[in-house]
Each structure stands twice: as structure tokens, then as C-alpha cells.
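# Survey of secondary and tertiary structure
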Amino acid sequence: MDVSAAFLLEFGLILIVLSLVGALARRWTLSPVPLYLLTGLALGEDGIVRVPEAGEFVGIGAAIGVVLLLLALGLEFSIAEFTTSMRRHVPSAVADVALNAVPGALAGWLLGLNGVGILALAGATYISSSGIIARLLGDLRRLGNRETPAVLAVLVLEDFAMAAYLPLLSVVAVGGAWWQAVLWTAIAVGALVAAFAGSYRWGHHVGRVVAHPEAEQLMLRLLGVTLVVAALAESVHASAAVGAFLVGLTLTGEAADRARAVMEPLRDLFAAVFFVAIGLSVSLSAMAPLLPAAMALAALTAVTKVATGWYAASRDGVAVRGRVRAGTALIARGEFSIIIVGLIGPREERLIPLVSAYVLILAVVGPLLTRFTALPVARKRAPRDDRPSSS
Amino acid sequence: MDVNEVLLPGVGLRYEFTNRDGDRIGVIALRSGDFEVVLYDENDPDESRPVFRLTDEEAETLAQILGAPRIAERFADLTREVPGLNAGQVEVLAGSPYAGRPLGTSRARTLTGASIVAIVRGEEVIASPGPDETLRTGDVLVVIGTAEGILGVERLFGG
């Protein structure tokens, strides 16, 4: 086997840098996502160092990263949580779409993006980062708070909306006619409902096929099945990400718990590679002119997310302080905004730099804002806490 | 006693109750198996004050301290009194993933909701076994819980 020492060295160094910035992020209880993006930027076209040898692998790893992120999202899902969220928070979800997708679409239109770009930007401003926010709530010890179920319900419904949105976007992106887009979205939603019903009814059988007491076997089987389904979905233009999401959905209960445990390290590695790859694909000279637009959009959609959280929490009878906490918690955008623009890729060249800058801003500002808006009381009570959250 | 159960999508479950002193107490069961105990403020009932966190194992130990001895005494009466609660016996079969491993590694209670209140090993009976108790092939576990929970334990310890 011909091993390139230069590749090993470059990839190894990238991972070391990622671990260092990741440790920094944990220390400041921030998400590592923006720092991974910055690492990619620093290694990109106008960056400090170039990594020509590792580029190809990073590209492939990024594709696996998207698949694993969506698989993990599907594994998180449970029918009980979804129906409970639906029962209480459909109006919140509607408000969420109206308040947060519309500014993105308008901004896309004002910037003169094409139709695909407008649709993608609307999605990118709509979807909060469930990864960042769930972790943040745990770190800030807010899981006991009364507004927290409302926040989590909004996130669950957003994640579910992604399952309909991603196939729509990927069909529109390859230039399909409107009826094709509608058809494929319908098929994807149908598959989703089938997977959901199937997991509810026969989930333990599916679990048995994939499950194995040995972690190694479980990991290989699950990864194999997921990649094959993702490939099938991609070949019918429904996006590999949606295929992976479906696989995640069909596993429930104990099988899902174990699958999460064995896939987690793998997902963390490839997801990090994915964010680096996005950063690599952006040049600073392309991002600089879009910064004012990204900042304006970030400011506007931060406000609209606060309004969303305010409304959702008020539906659960939470008082003003709690509503502010809920609203500011929802501001963070992250992995899924990036996945959305990653799907569109180079078809709209300004989109990736714009959304990268947008996510860089909100993934940092969102968590900071929610931390400090609740400060006066939190300071008195803040526990000395060095234990990493395991969620 | 009134225990309020709140679903935290993607995170876990939260149980809330008020004790005799009027403290509003919340227990958050995380999906990871860890627990968090919080107290609610009288002034702002929306905000919780963290009290402590427990790992899976610590929570199991605390549960044993608080509940197991009493459950072991009374489980026979309990199963008669509480509709839906059953007692069952589950054998640790050869080839079970937990034969030769500590009871705690199975996370049986977290996963199924059913409690293992005793282990029958030949002539010996280990009442309210701790999470460090190593299981052997042929052990018979005395389980109380819902019929579904007991089935879950059976699946867990089957071959």
C-alpha cells in the first residue's frame, strides 16, 4: 500500500488543531462548529497554510460527515417526543417558519440570488442548531427550567421539517421541474411517514437485524446500511442526507441508544471534517464583501428567533424572564445551515461564503447572548462546574 | 403523591413534585443515563436551581439507598395491590451479554423501568443487589415492574 507521508502529516496536524480549538470551545462553553469553520478558512485559498495533500480526503470525509450527522439526527427521534411536540407547539412551528424563513428568502432576493439560492438561504436562516442548543441548555443547567420543553419542541419540529425540506431543495438544485420537486418531496415525506410508522410497529425487528452485542459489528452493519441507503437516495435525487435520516428513524428504543453510542465518535470525527471542508471551500476574498449582508441578516434573524422562542414559551405559560431565555437560546444556527448550503454547493457561488459568515456570527453570538441575558440571577447561583456534560 | 412528568424531546424526562416542606423538586433523567436534581425557586417558578448531578452508577446507588430495601420487603404486597405491577423471574442464560459482568452495566432499570430486587444463585439469595454485583450464567433475577418491563429485562438477559 502506498502511503503518502505528506497526507498523513497534514491530516494529523488538522486533527491536532481541531482538538486544540475544540478544547478552547469547551472551556468557553461554546460550540466547536464555528472554530472548525475558522480552521478550514485558515487552511483555504487565502489562508495561512495550505493542505494540498489532505484536500481530497477531506472532501470525501465531508460527504460521510453529512450522512452521519443526519443519521444521528434520525436516531435522536422518538415518536412520543414528536407527537407531544406536535400537540402543543404546531402554532409555534408555524410562527417559526414565518418569522425565520421569510427574512432569509427576502435577503436572498435582495442579494439577487437565483431561486435555488433563495430557497437555500431561507432554510439556513430558519433552522436553529439543535446540536448547539441542546448542549448549551445542559451546560447552563437549564434543563429543569419551565421554558425548556418549549425550546426543545421547537427544535424537534424544525428537525422534522428538514426531512421534507432537504429533498425539495436537492431536486430544485439539480434543475428539476416544479412537478418533479413536488413529486420527490411527496415521496420523501411518504418514505418518512412509512419509516416512522414502521419503526413504531416493527422497529424492534429492524433493530434486531442491525443489532449485535459487539460494538464493532454494530458499527460496521449500521454504517454499511446507512451508506447504501444514502447512495440509493442520492441516485434518485432525494439527497443522501435524507436517506441517512430515514435509517436513523427506523431504529428505536434500545437499538437506537446503542447505535448512538457506537456512532458518536465516528460522527464527531467526520462532522468535524465536514465543517473544515466547508471552511476550505470558502476564500476570505469571497467572504469579505458579503460580511455586511451576513451581519445584517444575523441581527435580523436573531431578533425573529427571540420572538419565536418568546411565543413558544408563552404558550407553555412561562413568565417574561423565561421567555427571554427561550428566545435567546434559539438564536444559534449551526450544522444544518451549513448542510443546506453544502447541498447546493457551487451552484450559487455567494451562498457558501455568506452562510459560513452567518453561522460563524450566530453560533458564537447566540450562546453568549442567552448566557448573559439570564445573568443577574444566574450569577448568584452559578454552580462551580467543571464536569463535562455527557449529552 | 402527585408526580408531574414532562417530556424533554431529545434530552430525556423530567419529574416534578412538591415535598412536605413545600419545596418544588425536579429530577431530570437524561438519555445518557445521568440524572440531574433541581429545586424551583418560589419567586420565579420557571427557573430551576441546580442541586446536584449524578452519573448512571451514582443514581443507581442512590436509588438502592432510598428505595430498594423497602421494595424488597414489600414487593409481594405491592404487586398484589398495584394493578399493572408484576413480579417475574428472569434467568441469565449462557451467551447473555451480561453473564460475567456487573449488574450495573446492563442498565436494566434505566432501559426497561423494571427493578431487579434480588438475585437467586443456587441456594443463595442476594437481596437488593448493587450495581457492582457480578452476574453468572444460571442466576435467576427477581424482577418487579410492568409486564412490559419484565419482558424487556428478559430480552436484555436472554442469550
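The rules behind the values
- Residues numbered from 1 in each chain as written.
- Chains lettered and ligands numbered in written order.
- Predicted model: local features only at pLDDT ≥ 70, side-chain atom pairs only at ≥ 80, totals over all residues.
- Helix = DSSP H or I, 4+ residues; strand = E, 2+ residues; numbered from the N terminus.
- Rg over C-alpha atoms; globule rule 2.2 N^0.38 Å.
- Buried ≥ 20, exposed ≤ 12 C-beta atoms within 10 Å, placed from the backbone.
- Contact = placed C-beta atoms within 7 Å.
- Pairing = 2+ DSSP bridges.
- Nonpolar A, V, L, I, M, F, W, Y, C, P; charged D, E, K, R; others polar.
- Arc of directions from axis to C-beta.
- Axes fitted to C-alpha atoms, helices over the stretch in contact; angles between N-to-C directions.
- Parallel < 35°, antiparallel > 145°, perpendicular 65-115°, else oblique.
- Left-handed = near helix turned anticlockwise from the far one by under 90°.
- pLDDT = per-residue confidence, 0-100.

## As for the overall build of chain A
The helix and strand inventory of chain A stands at 17 helices and 0 strands. Taken over the C-alpha trace, chain A has a radius of gyration of 20 Å; the compact-globule value for 391 residues is 21 Å, and the two agree within 12%. Its C-alpha atoms give chain A principal-axis dimensions of about 65 × 50 × 50 Å. The buried share of chain A, reckoned over its 391 residues, is 53%. Expressed as a percentage of contacts within chain A between residues at least 6 apart in sequence, the contacts between residues at least 24 apart total 79%.

## Topic: the overall build of chain B
The number of helices and strands found in chain B is 4 helices and 9 strands. Helices and strands appear in chain B in the N-to-C order β-β-β-β-β-α-α-β-α-β-β-β-α. The buried share of chain B, reckoned over its 159 residues, is 33%. Look at the contacts in chain B between residues 6 or more apart in sequence, and 54% of them connect residues 24 or more apart.

## A closer look at the environment of glycine 243 of chain A
All names here are of chain A. Relative to the assigned elements, glycine 243 resides in helix H10 (residues 240-250). Residue class for glycine 243 comes out buried when judged on the 28 C-beta atoms lying within 10 Å of it. Between the C-alpha atom of glycine 243 and that of alanine 191, which follows or precedes it by 52 residues, the distance is 9.4 Å.

## What to know about the pairing of strand S3 (residues 24-30) of chain B
Residues and elements named next belong to chain B. Bridge analysis of strand S2 (residues 12-18) against S3 gives 7 bridges, and the strand direction is antiparallel. Bridging from a neighbouring strand, phenylalanine 17 pairs with isoleucine 25 of S3. Linking two consecutive strands that pair antiparallel, namely S2 and S3, is a turn of 5 residues; a positive phi of about 90° is found at glycine 22 within it. Relative to strand S4 (residues 35-40), S3 runs antiparallel, the two sharing 5 bridges. Residue valine 27 lies in a different strand from S4, and its bridge partner there is valine 37.

## Examining the interface of chain A and chain B
One frequently used descriptor of interface size is the decrease in accessible area upon assembly of the parts. At the interface, 31 residues of chain A touch 24 residues of chain B. Only helix H4 (79-110), helix H6 (130-139), helix H7 (148-173), helix H14 (320-329) and helix H17 (375-381) of chain A provide two or more residues apiece to the side of chain A that touches chain B. Looking at the side of chain A that touches chain B element by element, the count peaks at 6 residues for H7 of chain A. Residue composition of the side of chain A that touches chain B, grouped by class: 13 nonpolar, 9 polar and 9 charged.

## Here's the deal with helix H4 (residues 147-157) of chain B
Residues and elements named next belong to chain B. Residues Gly149, Ile150, Gly152, Val153, Leu156 and Phe157 constitute the buried set of H4. Buried residues of H4 fall within an arc of 155° about the axis and therefore sit on the same side. Contacts made by the buried residues of H4 are with strand S6 (86-91), helix H3 (108-112) and strand S9 (140-145).

## Observations concerning the sheet that holds strand S5 (residues 48-54) of chain B
Residue and element names in this part refer to chain B. The strand order S1-S2-S3-S4-S5 describes an open sheet built from 5 strands, whose pairing is antiparallel. Whereas interior strands pair on both sides, the edge strands pair on one side only; in this sheet they are strand S1 (4-8) and S5. Sheet twist, expressed as the mean angle between neighbouring strand axes with direction ignored, is 20°.

## Quick notes on unusual backbone geometry
Unlike most non-glycine residues, arginine 141 of chain A shows phi in positive territory, near 55°. One can find arginine 141 of chain A in the loop between H6 and H7. Despite not being glycine, arginine 107 of chain B shows a phi value in the positive range, around 50°. Within the secondary structure, arginine 107 of chain B sits in the loop between S6 and H3.

## A closer look at the sheet that holds strand S7 (residues 115-121) of chain B
Residues and elements named next belong to chain B. Ordered by their spatial adjacency, 4 strands build an open sheet running S6-S9-S7-S8, and the pairing between neighbours is antiparallel. Strands with a single pairing partner mark the edges of an open sheet, and in this sheet they are S6 and strand S8 (124-127). Pairs of neighbouring strands in the sheet enclose a mean axial angle of 25°, with direction left out of account.

## With respect to the environment of proline 32 of chain A
Residue and element names in this part refer to chain A. Assignment of secondary structure puts proline 32 in the loop between helix H1 (5-27) and helix H2 (33-43). What makes proline 32 buried here is the crowd of 23 C-beta atoms within 10 Å. Sequence separation between proline 32 and isoleucine 132 is 100 residues; the distance between their C-alpha atoms is 8.9 Å. Apart from residues lying up to four places away in sequence, proline 32 is in contact with Val21, Gly22 and Ala25.

## With respect to H14 of chain A
Residues and elements named next belong to chain A. Here H14 lies mainly inside the structure; 8 of its 10 residues are buried. Within H14, the full set of buried residues consists of Gly322, Arg323, Val324, Arg325, Ala326, Gly327, Thr328 and Ala329. Buried-residue contacts for H14 involve H6, H7, helix H13 (291-315) and helix H16 (351-373).

## Structural notes on the packing of H13 of chain A against H16 of chain A
Residue and element names in this part refer to chain A. Closest axis-to-axis distance for the H13/H16 pair is 9 Å, and the angle between their directions is 45°. Considered as vectors, H13 and H16 are oriented oblique to each other. Here H13 and H16 pass one another in a crossing that is right-handed. Within the contact between the two elements, H13 uses Leu291, Ala293, Ala294, Met295, Leu297, Ala298 and Ala302 and H16 uses Leu354, Ala357, Tyr358, Ile361, Leu362 and Val365.

## Quick word on the confidence of the model for chain A
Residue and element names in this part refer to chain A. Overall, the prediction assigns chain A a mean pLDDT of 84, with 91% of residues at 70 or greater. The spread of mean pLDDT over the elements of chain A runs between H17, the lowest at 48, and H13, the highest at 94. In the model, residues 378-391 has pLDDT below 50 throughout and makes 16 contacts with residues more than four positions away in sequence or in other chains.

## Considering the packing of H4 of chain A against H13 of chain A
Residue and element names in this part refer to chain A. Here H4 crosses H13 at 170°, and the two axes come no closer than 9 Å. If you check the angle between H4 and H13, you find them roughly antiparallel. Touching Arg88, His89, Pro91, Ser92, Ala95, Asp96, Leu99, Asn100, Pro103, Gly104 and Ala107 of H4 are Ala293, Leu297, Leu300, Thr301, Thr304, Lys305, Ala307, Thr308, Tyr311, Ala312 and Arg315, all from H13. In the contact of H4 with H13, the residues fall into 11 nonpolar, 7 polar and 4 charged.

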